[in-house]
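The residues making up each chain are set out below.
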Amino acid sequence: MMRNAQSLVDALREPGMVLSLDGACWTDLISIARAESLIGSLAHRLTGIEVPEQVQPVLKDAIQATDLARRQALWEADCARRALTSLNCKTVLMKGTAYVAADLDAGVGRSIGDLDIMVARDELSAVEELLLDAGWEWVKPDPYDDQYYRDHMHELPPLIHRERDRMIDVHHTTLPLTAGPTPNAGAMLENAVRLDSGLYVMAPADMLLHSIAHLFADGDLAGGLRNLWDIDQLIRQFAQVDDNFWMELGARAKLHQLEPHLARSLRLTALLYGTPVCENLAGPAKVTDNLYIHRLLARDGWGRENRKFTRQAFYIRSHWLRMPPLMLARHLWTKWRKA
Amino acid sequence: MAGLHHLYLTVGPARFRVASTWQRPLDQLAALYGDYPASQDSYADFTVRLEPEKPWRRYIRPSVHISGDFWLPDAAPLPLNQSLLAAEMGMNLQMALGWRRHLLLHASSVEKDGKALLMTGLSGSGKSTLSAMLAEKGWRFMGDEFALLNPDTGMMHSFPRLISLKNEAIAAMQAILPESRFGPLMTGTPKGDIRHIIPPADAVQKMADTARPALLLFPRFGYDPILRHMGKSEIFVRLTQASTNYVALGETGFRTLTKFVDTVPTKAMDYQSGEQAEELIDSLWNKLS
């Protein structure tokens, strides 16, 4: 029985390793990869490897499922584009939808749930109105939650489309307003790259930094292996096509106040996925890197999250990062009373 | 973290690893699935997990939370004496959310002379009971939960899990089957009383045999016996609702289902007793080419 997700990381990093797995190990690996939403990426990575015939259909299913996710994500993005046409604003796709829309390696086999877009903050209410007109509705009609989102978050409260049952998150920046770092949303919008469809994606360095901010400054690292795989794939592709990528990345990290986060993520992705990274930006290894690795690999062969204490610590940390202590206390008190 | 007991099950084309905090549901599964092919190699398409909702619920008022490779966020836990049902629901859940090799129809199916009869309808329509009954009268039982339609060949594949009898159907089958074919009686489940029966031996021995879909029925229990014509568009829409993975299969699902609707004769069937249903089915079946 596998005790952590190391085998998934190994298989993504060095697909040939799967040749040594027996049936029980494969069953563990598949459960882990599904739980981490990396089964599609794994299936693509294993193309061309002689996997056992019992496993082939599982991998084929995963590829087909993510093919459909890709089509649906692009369709959903186009629905949003059509809803916002009259506003003529820059609509920037984010995360998974951006990766597939820009046809990046990070989008290959990726599972995609909600549609995430970013618009300028002063366009937010106009965007909101047009989306409501086009059939999206509020998911959380709770007044406290609604006000909380509007006052302190980097996005509108989530909207769901009443016919297609798909969620959209409309961002105006990349991190909660209460978080420590304040990425420069204006600069991200300014540099965004226009696609043929008329939609935008972030410029390479910003796209990578958003992925990093999402993982290391905004969450409890649940599902972090997938996010870190995005980071690995983005880095490999961007660094290969642009000699100035690392310089640009360093400058943008400074601008967005994400230098320590960038450094941490470069060290972790190099450690786990063997990503070739710029050593200057990655900085010296820290003892706490091991804690992060411990947290990221917390998944056993049954597909369960384990290492409860570590996970809890990172969960508390994630709230700590998002808001100052007094505000956190008030927030948790309100949520507790309502529960 | 507590270790899990586990066993492997093969049902038709699908292989499951069922993992559980408690040995009890696994012992029950092992007894009821005793004649199914045993796993030689520990591969599985899906893992099902049965665990306490909270760690202390392992011992105090034990409650079984169903999860696995595929899961629903709001699945209600079941008491430990219904853990067999939890295991069966867990396997259904994996198929419904994760299986892509066939178009899944929520239907029972039986086979004769290489041709399959499918019965679909809402819960309480009697599709499960009818399939169990026909299975004792010369038909081969193919499944009472999911009918698996192959997108490439249009053939039906068998998924002969335990047959799940509910409420009045339990007594009806107890009248004709020996006690050894029955699993434990579970009372007060979300669907009332439930008792599983082991499918006939040939259903398990021939579970790899496919059949050409030859007749589709929408049975409805409790009305004067009659066969009614159904329009193709109605059949199509009702089957999209009866399929758990029609949307997930995208264009393949559409192609497979439209071909099925175009080629398979279909009737709505009202009936008040097993004998009536059997008569109506025979009258239709004998007219098939």
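Quick note: structure is the one above.
A brief look at the structure comes next. These numbers were taken from a predicted model, which means no experiment stands behind them. (Residues numbered from 1 in each chain as written. Chains lettered and ligands numbered in written order. Predicted model: local features only at pLDDT ≥ 70, side-chain atom pairs only at ≥ 80, totals over all residues.)

Regarding the sheet that holds strand E13 (residues 192–197) of chain B
All names here are of chain B. Note the cut-off: What makes two strands pair is DSSP finding at least two bridges between them. The way it works is that DSSP assigns letters per residue, a run of H or I at least four long becomes a helix, a run of E at least two long becomes a strand, and they are numbered from the N terminus. Angles here are taken between N-to-C directions and fall from 0 to 180 degrees, while the axes themselves are lines fitted to C-alpha atoms, restricted in helices to the stretch in contact.
The sheet built from three strands is open, its strands ordered E11-E13-E12 with antiparallel pairing. Two strands bound the open sheet, and with one partner strand each, they are strand E11 (163–166) and strand E12 (186–189). The mean inter-strand angle of the sheet, taken between neighbouring strand axes irrespective of direction, is 35°. Bridge count between E11 and E13: four bridges; the pairing is antiparallel. Bridge pairing in E13 links Ser-164 to His-196.

Brief notes about the pairing of strand E14 (residues 212–221) of chain B
Residue and element names in this part refer to chain B. Rules: In this scheme the burial state of a residue depends on its C-beta neighbours within 10 Å: 20 or more other such atoms mean buried, 12 or fewer mean exposed, and anything in between means partly exposed; the C-beta positions come from the backbone.
Here E14 lies mainly inside the structure; seven of its ten residues are buried. Both strand E7 (residues 115–120) and E14 contribute to a ladder of five bridges, which runs parallel. Across the sheet, the residue bridging to Met-119 is Leu-217, located in E14. Across six bridges, the pairing between E14 and strand E16 (residues 266–271) is parallel. Residue pairing across strands places Pro-219 opposite Met-269, the latter belonging to E16.

Details of the environment of B:Asn245
Residue and element names in this part refer to chain B. Rules: Here, residue contact means that the backbone-derived C-beta atoms of the two residues sit within 7 Å.
Its location among the elements puts Asn-245 in the loop between helix H6 (232–242) and helix H7 (251–263). Along the chain, Asn-245 and Met-156 lie 89 residues apart, while their C-alpha atoms are 16 Å from each other. Excluding its chain neighbours within four sequence positions, the residues that come into contact with Asn-245 are Trp-99, Arg-100, Leu-103, Leu-104 and Gly-253.

As for the packing of helix H12 (residues 259–273) of chain A against helix H14 (residues 288–296) of chain A
Residue and element names in this part refer to chain A. Operational definition: Should an angle lie under 35 degrees it is considered roughly parallel, over 145 roughly antiparallel, and from 65 to 115 roughly perpendicular; all remaining angles are considered oblique. Crossing handedness follows the turn of the near helix against the far one: under a right angle anticlockwise gives a left-handed crossing, and clockwise gives a right-handed one. For this classification, Asp, Glu, Lys and Arg are treated as charged, while Ala, Val, Leu, Ile, Met, Phe, Trp, Tyr, Cys and Pro are nonpolar and the rest, including Gly, are polar.
Two numbers describe how H12 lies on H14: the axes approach to 11 Å, and their chain directions differ by 55°. What the angle tells us is that H12 and H14 run oblique. By crossing handedness, the relation of H12 to H14 is classed as right-handed. Contacts from Arg-267, Leu-268, Leu-271 and Leu-272 in H12 reach Asp-289, Tyr-292 and Ile-293 in H14. A per-class count over the contact of H12 with H14 returns five nonpolar, no polar and two charged.

Quick notes on the interface of chain B and chain A
Residue-level contacts link 16 residues of chain B with 17 residues of chain A. Broken down by secondary-structure element, the contributors of at least two residues to the side of chain B that touches chain A are strand E2 (14–20) and strand E3 (46–52) of chain B. Grouping the amino acids of the side of chain B that touches chain A by side-chain chemistry returns six nonpolar, three polar and seven charged.

Observations concerning the sheet that holds strand E2 (residues 115–118) of chain A
Residue and element names in this part refer to chain A. Here we have seven strands laid out as an open sheet, ordered E3-E4-E5-E2-E1-E7-E6, and mixed in their pairing. The outermost strands of the open sheet, each flanked by one partner alone, are strand E3 (136–138) and strand E6 (193–194). In this structure, strand E4 (residues 159–161) lies alongside strand E5 (residues 167–171), joined through two bridges in antiparallel fashion. Bridge assignment links Leu-159 to a residue of E5, and that residue is Ile-168. Running at roughly 165° to E5, helix H6 (residues 124–133) makes contact with E3, E4 and E5 of the sheet.

As for unusual backbone geometry
You will see that A:Lys95, though not glycine, has its phi angle at about 55°, which is positive. Note on placement: A:Lys95 falls in helix H5 (residues 95–101). Note on A:Lys95: 24 C-beta atoms within 10 Å, which makes it buried. A positive phi angle, close to 45°, is found at B:Asn167, a residue other than glycine. Examined against the element boundaries, B:Asn167 turns out to sit in the loop between E11 and helix H4 (168–174).

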